[in-house]
Amino acid sequence: ISATRSDDTSRLKNQIGHYAAFNLRSPIMPPIYDGTGSRTHLGSNHPVLARFLCPVRELKEFSKDAEKAQKKLQNGKIKMTASALPAFLWAGDLPGKDYDDNNMFEGMFEGHLLER
């Protein structure tokens, strides 16, 4: 069974960029899977995934200057805690694009990653 599981996951790695992208025809760039096995470029170190993981209440800052906000995520100035819900939970072409501070439940759990 472990060989089967390993075979299944190795095929998924190459396609994960297509899966996470809003448009299935154009994968996330830079690629999520780079073939090295290293994970140092993932999470808040990846420019697209950082937005996915950014707490939804901090998205305005991320939209103003993505590079600056990504650095703040990396150094802990923007805290990613259990109570700071990530942007990918909300609907929108970009994760959290449709988020509304006045009605945070609108579009919640309708993010495209959750629907897939």
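Before reading on, note that the structure itself is shown above.
This text gives an overview of the structure that appears in the document. A quick note: this is a predicted structure, and the numbers were derived from the prediction, not measured.

Details of the nonpolar core
- Of all hydrophobic cores here, the largest spans 13 residues; its most connected members are Cys54, Val56, Leu59, Phe62, Leu73 and Trp90.
- Looking at this core, the elements with two or more residues in it are helix H3 (59-64) and helix H4 (66-75).
- Counting residues in hydrophobic clusters, the runner-up holds 7 residues, among them Ala20, Ala21, Phe52 and Leu113.

Brief notes about the pattern of salt bridges
- Counted by the stated rule, this structure contains 2 salt bridges.
- Linking Lys60 and Asp101 is a salt bridge whose minimum nitrogen-to-oxygen distance equals 3.5 Å. Taken as a pair, Lys60 in helix H3 and Asp101 in the loop between H4 and helix H5 (112-115) lie far apart in primary sequence, 41 residues in all.

Some remarks on H4
- For H4, the complete set of buried residues consists of Ala69, Gln70 and Leu73. Here the buried residues of H4 occupy an arc of 105 degrees about the axis, which is enough to place them on one side.
- Buried residues in H4 make contact with helix H2 (47-53) and H3.
- In the stretch just after H4, Gly76 is the one whose phi turns positive, near 85 degrees.

A short note on a negative patch on the surface
- Side chains of Asp93, Asp98, Asp100, Glu106, Glu110 and Glu115 sit close together on the surface and give a patch of like negative charge.
- Relative to the helices and strands, Glu115 resides in helix H5.
- Glu115 sits in the exposed class, given a relative accessible area of 59%.

Regarding the environment of Phe62
- Turning to its location among the elements, Phe62 is positioned in helix H3.
- Given a relative accessible area of 4%, Phe62 falls into the buried group.
- Those residues in contact with Phe62 that sit more than four places away from it in its chain are Pro47, Ala50, Arg51, Cys54, Ala69, Gln70 and Leu73.

What counts, and where the lines are drawn
- Residues numbered from 1 in each chain as written.
- Predicted model: local features only at pLDDT ≥ 70, side-chain atom pairs only at ≥ 80, totals over all residues.
- Heavy atoms only, no water.
- Core = buried A, V, L, I, M, F, W, Y, C linked by side-chain atoms within 4.5 Å.
- Buried < 20%, exposed > 50% of the residue type's maximum accessible area, 1.4 Å probe, protein only.
- Helix = DSSP H or I, 4+ residues; strand = E, 2+ residues; numbered from the N terminus.
- Salt bridge = Lys/Arg side-chain N within 4 Å of Asp/Glu carboxyl O.
- Arc of directions from axis to C-beta.
- Contact = heavy atoms within 4.5 Å.
- Patch = residues over 30% accessible without salt bridge, like charges linked within 9 Å, V, L, I, M, F, W, Y side chains within 5 Å.
- Areas by Shrake-Rupley, 256 points an atom, 1.4 Å probe, with all protein chains shown as cover.
- Lys, Arg positive; Asp, Glu negative; His and termini not counted.
- Charge placed at Lys NZ, Arg CZ, Asp CG, Glu CD.

Taken by themselves, the reported measurements are silent on function.
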